[in-house]
Amino acid sequence: VFIVLFSAEFLASETYNQATDALNLMQTQPSTKTYRLLPVLVSYCGWSDTPFASFNPAPSPQKPLLSEHWENTDLPYQNIVEQLNQLIRDWPNRT
């Protein structure tokens, strides 16, 4: 399971380029089903214009951790854990 934290700073970094290269490599391998990826929106950024946009981001409903959307600051973290648990439960052949 890969967890990628998205922010404007990340998108402007060399790490983003490396993560994109890794994603491209994983998607071209015959063992595509051996990984799962969870994008986590830390702050507002242009993540939807990236190769990672096809993955369902956390926290749901696509509101960043650092946004005024969350009245209780613990809720987005709980939401991320729930999405991660669901991702793992839905993972076929994870043994």
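What you are looking at is a predicted structure, and each value in this text was computed from that prediction instead of being measured.

## Quick notes on a nonpolar patch on the surface
Inference 1: On the surface, a cluster of nonpolar side chains totalling about 330 Å² of accessible area is made up of Val-1, Ile-3, Leu-5 and Ile-88.
Inference 2: Checked against the element boundaries, Val-1 lands in the segment before strand E1 (2-6).

## Some words on helix H2 (residues 14-28)
Inference 1: For H2, which comprises 15 residues, the first-to-last C-alpha distance of 22 Å matches the rise-based estimate of 21 Å (1.5 Å per residue) to within 8%.
Inference 2: Here the buried face of H2 lies against E1, helix H1 (8-11) and strand E2 (37-41).
Inference 3: You can read the cap of H2 off the contacts: a side-chain oxygen lies 3.3 Å from the backbone nitrogen of Thr-15, and it is on Ser-13.

## As for the packing of aromatic side chains
Inference 1: With the rule as written, the count across this model stands at five aromatic pairs.
Inference 2: For the ring pair Phe-10 and Tyr-16, a centre distance of 5.6 Å and an interplane angle of 90° mean the geometry is edge-to-face.
Inference 3: Relative accessible area serves as the criterion here: at 12%, Phe-10 is assigned to the buried category.
Inference 4: Tyr-16 sits in the buried class, given a relative accessible area of 13%.
Inference 5: Judged by centre distance (6.3 Å) and plane angle (55°), the ring pair of Tyr-16 and Phe-52 falls under tilted.

## Side note on the pairing of E2
Inference 1: Of all five residues that make up E2, five are buried, and the element is covered over most of its length.
Inference 2: Residues of E2 alternate between two faces, with Leu-37, Pro-39 and Leu-41 on one and Leu-38 and Val-40 on the opposite face, all of them buried.
Inference 3: Of the strand pairs in this sheet, E1 and E2 are connected by five bridges, and their pairing is parallel. Opposite Phe-6, over in E2, you have Leu-41 as the bridge partner.

## Quick word on the nonpolar core
Inference 1: Ranked by internal contacts, the top residues of the largest apolar core, which has 13 residues, are Phe-6, Phe-10, Leu-23, Leu-37 and Phe-52.
Inference 2: Looking at this core, the elements that each hand over two or more residues are E1, H2 and E2.
Inference 3: Residue contributions to this core peak at four residues, all from H2.
Inference 4: Ignoring sequence-local partners within four residues, the contact set of Phe-52 consists of Phe-6, Tyr-16, Ala-19, Thr-20, Leu-23, Leu-37, Pro-39 and Trp-47.
Inference 5: One finds Val-40, Ala-58, Leu-65 and Ile-80 within the second-largest nonpolar core, a separate group that totals five residues.

## Re the side chain of Asn-79
Inference 1: Along the chain, Asn-79 turns up in helix H3 (residues 75-89).
Inference 2: When its relative accessible area of 15% is taken as the criterion, Asn-79 is described as buried.
Inference 3: Apart from the residues within four sequence positions on either side, Asn-79 is in contact with Pro-59 and Ser-60.

Thresholds applied
Residues numbered from 1 in each chain as written. Predicted model: local features only at pLDDT ≥ 70, side-chain atom pairs only at ≥ 80, totals over all residues. Heavy atoms only, no water. Patch = residues over 30% accessible without salt bridge, like charges linked within 9 Å, V, L, I, M, F, W, Y side chains within 5 Å. Areas by Shrake-Rupley, 256 points an atom, 1.4 Å probe, with all protein chains shown as cover. Salt bridge = Lys/Arg side-chain N within 4 Å of Asp/Glu carboxyl O. Helix = DSSP H or I, 4+ residues; strand = E, 2+ residues; numbered from the N terminus. Expected span 1.5 Å × (residues − 1). Contact = heavy atoms within 4.5 Å. Polar contact = N/O pair within 3.5 Å; in protein donor to acceptor, adjacent residues only side chain to side chain. Phe/Tyr/Trp six-rings, centres within 6.5 Å; stacked < 30°, edge-to-face > 60°. Buried < 20%, exposed > 50% of the residue type's maximum accessible area, 1.4 Å probe, protein only. Pairing = 2+ DSSP bridges. Core = buried A, V, L, I, M, F, W, Y, C linked by side-chain atoms within 4.5 Å.

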